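# Observations on the model geometry
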Amino acid sequence: MRRLTTAALSLGVTFAVAFGVLVTLLAATPALAAGYRYWSFWDGSGGTWAYATQGPSIARPADGTALGFRFAVSQDASTEAAKPRAAADFEAVCGATAAVEGRKRVAVVVDFGVPADAPAGETPPQDAPRTACAQVAPGATAAEALAAVAKPLRYNSGALLCAISGYPKQGCGDQVAEAQPKPSAPSSAPSAPAAAGDSGDGGPSAGLLTGIAAVLALAAAAVWQSRRRSR
């Protein structure tokens, strides 16, 4: 009887520990990340876009480069941000613009996004991305190149780009309740893989499933050990 009581106590402790581990794993699982409505900034190279590592007020593009700006609701700046829907093609934008000594040419692509991403009461100024060739001083920043072709611009006190060509009229990097689903559109979704620990489809991550399996295995082992001792 004493052996049975000891085995039952051991089993109870094991289950308590297993339950605690399971609760911890579930609590550590990230909830659906909130989205942010903002203008993202992109560097163009070889016809493709890469998320810019510097802000437009700091970056100084070289002559013959392409810059992209996209307004959208995105979950994560680097892996989930929506790219401009036009190719990063300098020749397509600036090919017909003659070079001028003492000036540099920068292809600028401004994508106002889709109606689903627009703030309440507003709509994108145009459906297709706008392209323009900016001719600016050799030392001009990306912000200056943008201002040369897409005024008026609006910034907040932290130098965050809030509006291009007056869009949107209000707000700046506002958080939304949850990321809105993206309509199917060419090049609107990033091709980067999901972050580590994220299944990418809203389901449980591989790490969480592995943790649950480990907890269940621990519980099963405890039951087997308890039955063995009670014999």
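One can find the structure itself at the top, above this paragraph.
These notes cover the structure that comes with them. Note that the structure is a prediction, hence the values are computed from the model and not measured.

## What about the state of the cysteines?
Counted according to the given criterion, the structure contains 2 disulfides. Each disulfide pairs two cysteine sulfurs, and for Cys 94 the partner residue is Cys 133, the sulfurs being separated by 2.1 Å. An S-S torsion of about 110° defines the bridge between Cys 94 and Cys 133 as right-handed. With Cys 94 in helix 2 (residues 90–94) and Cys 133 in strand 5 (residues 130–136), the pair connects residues that are 39 residues apart, well separated along the chain. Exposure class is identical for Cys 94 and Cys 133. Each is buried. Here Cys 162 engages in a disulfide with Cys 172; their sulfurs sit 2.0 Å apart. Here Cys 162 and Cys 172 share a disulfide; its torsion about the S-S bond, -75°, makes the bridge left-handed. Taken together, the residues span a long stretch of sequence, with Cys 162 in strand 7 (residues 161–164) and Cys 172 in the loop between strand 7 and strand 8 (174–175) at a distance of 10 residues. For the pair shown, Cys 162 and Cys 172 are each scored as buried. Each bonded cysteine of the protein chain is numbered by sequence order, and under that numbering the disulfide pairs are 1-2, 3-4.

## Points about the pattern of salt bridges
One pass over the structure, following the stated rule, counts 2 salt bridges. In this structure, Asp 111 engages Arg 85 in a salt bridge whose closest nitrogen and oxygen atoms are separated by 2.7 Å. One end of the pair, Asp 111, is in strand 4 (residues 104–111); the other, Arg 85, is in the loop between strand 3 (65–74) and helix 2, and 26 residues separate them in sequence. Look at Asp 111 and you get buried, because its relative accessible area is 0%. Three or more residues joined by partner-sharing salt bridges are found here, namely Arg 70, Arg 85 and Asp 111.

## As for the packing of aromatic side chains
Tallied over the entire structure, the rule returns 6 aromatic pairs. A ring pair is formed by Trp 39 and Phe 71, whose centres lie 5.4 Å apart and whose planes are at 55°; its orientation type is tilted. Of the two residues, Trp 39 is situated in strand 1 (residues 36–45) and Phe 71 in strand 3; the sequence distance between them amounts to 32 residues. Looking at Phe 71, the relative accessible area reads 2%, which means it is buried. When the ring of Phe 71 is compared with that of Tyr 167, the centres are 5.1 Å apart and the planes differ by 70°; the resulting orientation is edge-to-face. Taken as a pair, Phe 71 in strand 3 and Tyr 167 in the loop between strand 7 and strand 8 lie far apart in primary sequence, 96 residues in all. Using a relative accessible area of 3% as the deciding quantity, one classes Tyr 167 as buried. One aromatic cluster is present, formed by Trp 39, Phe 71, Phe 112 and Tyr 167 through successive ring pairs.

## A word on the nonpolar core
Generally speaking, soluble globular proteins have nonpolar side chains that are buried together. One finds Trp 39, Phe 69, Val 110, Leu 146 and Ile 164 to be the most contacted residues of the largest nonpolar core, which totals 22 residues. Counting only elements with at least two residues in this core, the list comes to strand 1, strand 3, strand 4, strand 5, helix 3 (142–149) and strand 7. One finds Trp 42, Val 93, Cys 94 and Ala 107 within the second-largest nonpolar core, a separate group that totals 13 residues.

## A closer look at the side chain of Arg 105
Structurally, Arg 105 is set in strand 4. Among buried charged residues, Arg 105 stands out as having no salt bridge; its nearest opposite-charge side chain is Asp 63, 4.5 Å away. At 3.3 Å, the side chain of Arg 105 forms a polar contact with the backbone oxygen of Cys 94. Contacts of Arg 105, omitting those with residues within four sequence positions, involve Ala 62, Asp 63, Gly 64, Thr 65, Phe 90, Cys 94, Thr 97, Ala 98, Ala 99, Cys 133, Ala 134 and Gln 135.

## Overview of unusual backbone geometry
Here the bond from Lys 151 into Pro 152 is cis, since omega is -5°, no more than 30 degrees from zero. Inspection of the secondary structure assignment puts Pro 152 in the loop between helix 3 and strand 6 (153–155). Here the bond from Tyr 167 into Pro 168 is cis, since omega is -5°, no more than 30 degrees from zero. Looking at where Pro 168 falls in the secondary structure, it is placed in the loop between strand 7 and strand 8.

What counts and how
Residues numbered from 1 in each chain as written. Predicted model: local features only at pLDDT ≥ 70, side-chain atom pairs only at ≥ 80, totals over all residues. Heavy atoms only, no water. Disulfide = S-S within 2.5 Å. Helix = DSSP H or I, 4+ residues; strand = E, 2+ residues; numbered from the N terminus. Buried < 20%, exposed > 50% of the residue type's maximum accessible area, 1.4 Å probe, protein only. Salt bridge = Lys/Arg side-chain N within 4 Å of Asp/Glu carboxyl O. Phe/Tyr/Trp six-rings, centres within 6.5 Å; stacked < 30°, edge-to-face > 60°. Core = buried A, V, L, I, M, F, W, Y, C linked by side-chain atoms within 4.5 Å. Lys, Arg positive; Asp, Glu negative; His and termini not counted. Polar contact = N/O pair within 3.5 Å; in protein donor to acceptor, adjacent residues only side chain to side chain. Contact = heavy atoms within 4.5 Å.

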